[in-house]
Amino acid sequence: MLSPPTGLSAFGRALAALRRPCHALITPEAVVFDAGGKHLPVVQRFDTKAKPLADSFGHAVGQLFALMDQTPRRGQRVHVAVSDAWARPAVLTLPAKVPDDSATDTLVSQHYRRIYGELMLGWRYCWSQHATRLVAMAWPAIALEALQTGLTQRGCVLASARSQGLLLGTQLRQQPGACWLLVLARSHGLLVRLQDGVLQDGCVLPGGGDAANRAAQLPLQLARQSARRADACRALVIIDVDAVQDLPALRQTLLEAGWSSRVCAAAELSGSWVWRLQQCIRLAGAA
């Protein structure tokens, strides 16, 4: 959802395309860098709870570069997954006549200004088209620019920067039919509406509090989103990235509120590089 920067020459970008790509995951609790080849992924954990949203993203980007500098890599593509804790997602339906890129930028910009107003100052949005849907994602601009600039300074190409939750949802081995998908993390949740694997809507749910409080709030949050869409779907698929939620109790609460739910098994996500790096964070936390 983010085009690579132009800091490298065309020749440098061409060479990068021939080399094995690297992967990185940036979250509020830790960053992971996987240089590929014989190198094992490296993890750096930290605490950004006391920092403002944009500052915590910038701090995490700095931690990623500290990891990369331990095993310098030059001239490689880097695919980055960014936690949705910092994201503002949007899904728009395109008009019958698909606009060009400039008109699409205007369409997305107007959508964000209508919802967030002046709160969009200092945020940068990216978008990609999927059939008749436009999937947009906004992140704090300063940290995003630092990510692009830092990779360019290290001779690397930012091949992509995408939402952690959306990547997990689209990399399921078997795409569900009509459902809501909840990517549940320690600090937040990403809720998206899927129809045969096609994204229809999405939002970030606030986290915080203990597991019991989050479980009690979730049916209300789901009811609010389904009412906003006038959506009768009551099927929920859960991806628990941090394994901190009491899932049996959560599912019972959802069942009592009229929702059927299932939890994605690790095998369903085993082919996802984002899931693999997320497990590196969990293992580092348990060590």
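Bear in mind the structure is a predicted one, so any value in this text is a computation, not a measurement. (Residues numbered from 1 in each chain as written. Predicted model: local features only at pLDDT ≥ 70, side-chain atom pairs only at ≥ 80, totals over all residues. Heavy atoms only, no water.)

Chemist: If you had to explain the pattern of salt bridges to someone new, which residues and values would you point to?
Modeler: For the coordinates displayed, the defined rule picks out seven salt bridges. Note that aspartate 69 is salt-bridged to arginine 154, the shortest N-O span being 2.9 Å. Of this pair, aspartate 69 sits in helix α2 (residues 53-70) while arginine 154 sits in the loop between α4 (141-153) and β8 (157-163), and the two are 85 residues apart along the sequence. (Salt bridge = Lys/Arg side-chain N within 4 Å of Asp/Glu carboxyl O. Helix = DSSP H or I, 4+ residues; strand = E, 2+ residues; numbered from the N terminus.)

Chemist: Break down the layout of surface pockets for me, citing the residues and quoting the values.
Modeler: Taken as a whole, the largest pocket encloses approximately 660 Å³ of empty space. Lining the largest pocket are 32 residues, with Ala85, Trp86, Ser187, His188 and Val204 sitting closest to its centre. Among the secondary structure elements, those contributing two or more residues to the lining of the largest pocket are α2, β5 (88-93), α3 (101-116) and β11 (198-206). Top contributing element to the lining of the largest pocket by residue count: β11, with six residues. Of the residues assigned to the lining of the largest pocket, the class counts are 16 nonpolar, seven polar and nine charged. Taken as a whole, the second largest pocket spans an internal volume of roughly 230 Å³. Taken together, 16 residues line the second largest pocket, and the ones lying closest to its centre are His130, Val135, Arg162, Thr170 and Leu199. Those elements that place two or more of their residues in the lining of the second largest pocket are β6 (123-130), β7 (133-140), β8, α5 (164-170), β10 (188-195) and β11. Tallying contributions element by element places α5 first for the lining of the second largest pocket, with three residues. For the lining of the second largest pocket, a count of residues per class yields eight nonpolar, six polar and two charged. (1 Å grid on protein atoms, 1.4 Å probe; cavity = no way out; pocket = protein on both sides within 12 Å on 5 of 7 lines; lining within 4 Å. Points joined across faces, edges and corners; volume = space filled by probe spheres on them. Nonpolar A, V, L, I, M, F, W, Y, C, P; charged D, E, K, R; others polar.)

Chemist: Give me the sheet that holds β7: which residues, what numbers.
Modeler: As summarised here, the arrangement of the three strands in space is β5-β7-β6, forming an open sheet in which the pairing is antiparallel. Each having just a single partner strand, β5 and β6 make up the two edges of the open sheet. With direction set aside, neighbouring strand axes in the sheet form an average angle of 20 degrees. The strands that α3 touches are β5, β6 and β7; relative to β6, the one it contacts most, it runs at about 125 degrees. (Pairing = 2+ DSSP bridges. Axes fitted to C-alpha atoms, helices over the stretch in contact; angles between N-to-C directions. Contact = heavy atoms within 4.5 Å.)

Chemist: Give a detailed account of the sheet that holds strand β1 (residues 22-26), specifying residues and quantitative values.
Modeler: The five strands are arranged β3-β2-β1-β4-β8 in an open sheet whose pairing can be described as mixed. Each edge of the open sheet carries a strand with a single partner, namely β3 (42-45) and β8. The sheet shows a mean angle of 15 degrees between the axes of neighbouring strands, direction not considered. Direction of pairing for strand β2 (residues 30-34) relative to β3: antiparallel, over a ladder of four bridges. Counterpart to phenylalanine 33 in the pairing with β3 is valine 42. The strands that α2 touches are β1, β2, β3 and β4 (77-82); relative to β2, the one it contacts most, it runs at about 35 degrees.

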